[in-house]
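# Remarks on the overall topology
Below, each chain spelled out in residue letters.
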Amino acid sequence: MMKWILGLVVILLVVVGWMFFKPEPAADLRPASERPVPTSPYWSEDDHWVDADGMTFRVREQGPQGAPVIVLIHGFSYSLESFDAWAEDLAVDYRVVRFDLPGHALTGPDPQQRYSVRETVALTASLLDSLGHDDVVLVGNSLGGLVSWRLAAEQPELVSRLILLAPGGFSINGVTEDPVPVPAPVAFFMTSAPQAMVGAASAGLFGDPTNMPAELPGRVHDLMRQPGVGQALVERLEVFTLPAPETDLARVEADTLILWGELDRIVPPDHGPRFVDAMPSARLEVMPGLGHVVHEEAPEVSLERVRAFLED
């Protein structure tokens, strides 16, 4: 009888464990030609799969064919939806190209786990080549800004103008030319945080948290929970470095506009003047009352600055 009871307890534990600790579904690593259209509510009629150097990207293209191309690159743990407001406006007279970075959102994990900044820059260049785009206006926020200016430094022929929104570059959080260990709470946040926790963290990106759109936490949470994405975000942090950037910034030839929120809590606003000092042709505009994502917090005001720069 005792053995029977113990056996039943073991079975119950296995069932309960399966109910609450199901393994995450495997990420789809097939090439574009073999991938179906996702059922995700975040996939739009302007989205398509694009292969580049062994990586399959979700890409969204809007605006007139043949118009000047502007490429918008989102920040860490985010997705191409971060630029929805800007894209709607710019697509009137630009070919607007957006994509989810490797290891993010619907793009999902890289089969080869290439998550260093150098590798992300190379994959972005390969993607633009696959799309047939060069001489583009390149726009990036945070991690996307870091990727953007490093791409402009390494392949100046690809970039006609550069717009950086609170870009990464100088050391923060102890990260230098060497990565720092990923704390267990951060790894938990990337892989398992509930929507309420994601919402609280997202609110910190805004100078005024009440400016955060109500739908943003749900979207960010949903896309962070795509198969394999949480672990890919952890793997990116494990190899993330910020070596002294001055020498590379000096190689950026493109005219550059830098926008920075006065109340940015993620990348210090005092990094802005350091970018301008290091770059040959850059100007900085600090935006009062705004945080780390000026394009989301004040899209109309930030777009006025962008359009003035592009039309200059």
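Residues numbered from 1 in each chain as written. Predicted model: local features only at pLDDT ≥ 70, side-chain atom pairs only at ≥ 80, totals over all residues. Heavy atoms only, no water.

### A look at helix H4 (residues 143-154)
The first and last C-alpha atoms of H4 sit 17 Å apart over 12 residues, in line with the 16 Å expected at 1.5 Å per residue. For H4, a buried count of 11 out of 12 residues is recorded, marking the element as mostly surrounded by other parts of the structure. Of all the residues in H4, the buried ones are Leu143, Gly144, Gly145, Leu146, Val147, Ser148, Trp149, Arg150, Leu151, Ala152 and Ala153. (Helix = DSSP H or I, 4+ residues; strand = E, 2+ residues; numbered from the N terminus. Expected span 1.5 Å × (residues − 1). Buried < 20%, exposed > 50% of the residue type's maximum accessible area, 1.4 Å probe, protein only.)

### Examining the packing of helix H3 (residues 117-131) against H4
The geometry of H3 relative to H4 is characterised by a closest axis approach of 9 Å and an angle of 70° between their N-to-C directions. The pairing of H3 with H4 is recorded here as roughly perpendicular in orientation. Note on element contacts: H4 touches H3 through Leu146, Val147, Arg150, Leu151 and Glu154, opposite Val117, Thr120, Val121, Thr124, Ala125 and Leu128. Of the residues in the contact of H3 with H4, the class split is 7 nonpolar, 2 polar and 2 charged. (Axes fitted to C-alpha atoms, helices over the stretch in contact; angles between N-to-C directions. Parallel < 35°, antiparallel > 145°, perpendicular 65-115°, else oblique. Contact = heavy atoms within 4.5 Å. Nonpolar A, V, L, I, M, F, W, Y, C, P; charged D, E, K, R; others polar.)

### Quick notes on the packing of aromatic side chains
All told, the structure shown has 6 aromatic pairs when counted by the stated rule. Ring geometry for tryptophan 43 versus tryptophan 49: centroids 4.8 Å apart, planes at 45°, classification tilted. The class for tryptophan 43 is buried, based on a relative accessible area of 14%. The lysine or arginine in question, arginine 35, covers the ring of tryptophan 49, its NZ or CZ lying 4.7 Å from the ring centre. Geometry around phenylalanine 309 places arginine 161 over its ring, the cationic atom sitting 4.5 Å from the centre. (Phe/Tyr/Trp six-rings, centres within 6.5 Å; stacked < 30°, edge-to-face > 60°. Lys NZ or Arg CZ within 6 Å of the ring centre and 35° of its normal.)

### Quick look at unusual backbone geometry
Peptide bonds are trans in most cases, and residues, glycine excluded, mostly fall at negative phi. The residue glutamine 113 is not glycine, and still its phi comes out positive at about 55°. You can see glutamine 113 is positioned in the loop between strand S4 (95-99) and H3. The phi dihedral of aspartate 135 is positive, around 55°, even though this residue is not glycine. Relative to the assigned elements, aspartate 135 resides in the loop between H3 and strand S5 (136-141).

### Some words on a negative patch on the surface
Taken together, the side chains of Asp129, Asp134, Asp135 and Glu157 present a region of like negative charge at the surface. Relative to the helices and strands, glutamate 157 is located in the loop between H4 and strand S6 (159-165). The exposure class of glutamate 157 is exposed, given its relative accessible area of 52%. (Patch = residues over 30% accessible without salt bridge, like charges linked within 9 Å, V, L, I, M, F, W, Y side chains within 5 Å. Areas by Shrake-Rupley, 256 points an atom, 1.4 Å probe, with all protein chains shown as cover. Salt bridge = Lys/Arg side-chain N within 4 Å of Asp/Glu carboxyl O. Lys, Arg positive; Asp, Glu negative; His and termini not counted. Charge placed at Lys NZ, Arg CZ, Asp CG, Glu CD.)

### Some words on the side chain of serine 40
Looking at the secondary structure, you find serine 40 in the loop between helix H1 (2-20) and strand S1 (47-52). Judged by its relative accessible area of 15%, serine 40 falls in the buried class. Reaching out from serine 40, the side chain makes a polar contact with the backbone nitrogen of tyrosine 42 at a distance of 3.0 Å. (Polar contact = N/O pair within 3.5 Å; in protein donor to acceptor, adjacent residues only side chain to side chain.)

### Things to note about the pairing of S4
Here S4 lies mainly inside the structure; 5 of its 5 residues are buried. Taken together, the 4 bridges between strand S2 (residues 55-62) and S4 define a ladder with antiparallel strand orientation. Bridge pairing in S4 places valine 59 opposite phenylalanine 99. Sheet topology note: the strand S3 (residues 69-73)/S4 ladder contains 4 bridges and is parallel. Each bridged residue has a counterpart across the sheet, and for isoleucine 70 the counterpart in S4 is valine 96. In this fold, S3 hands off to helix H2 (residues 84-90), which returns the chain to S4; that crossover is right-handed. (Pairing = 2+ DSSP bridges. Right-handed = clockwise from strand over helix to strand, strands pointing away.)

### Quick word on the environment of glutamate 61
Following the sequence through the fold, glutamate 61 ends up in strand S2. Judged by relative accessible area, glutamate 61 falls into the buried class, the value being 13%.

### Side note on the confidence of the model for the protein
Summarising the model, the protein shows a mean pLDDT of 92, and 92% of its residues fall at 70 or more. Note that pLDDT drops below 50 for residues 1-22; the model gives that stretch 1 contact with residues more than four away or on any other chain. (pLDDT = per-residue confidence, 0-100.)

### Remarks on the sheet that holds S2
Across the sheet, which stays open at both edges, the 8 strands sit in the order S1-S2-S4-S3-S5-S6-S7-S8 with mixed pairing between neighbours. The open sheet has two edge strands, S1 and strand S8 (282-287), and neither has a second partner. On average, adjacent strands in this sheet sit at an angle of 25° to one another, irrespective of strand direction. Pairing of S3 with S5 involves 4 bridges; the strand directions are parallel. Paired with isoleucine 73 across the strands is glycine 140, a residue of S5. Across the sheet, H4 lies against S3, S5 and S6, angled at about 145° from S5, the strand it touches most. Sheet strands in contact with helix H12 (residues 299-311) are S3, S5, S6, strand S7 (255-261) and S8, and its direction is about 165° off that of S7.

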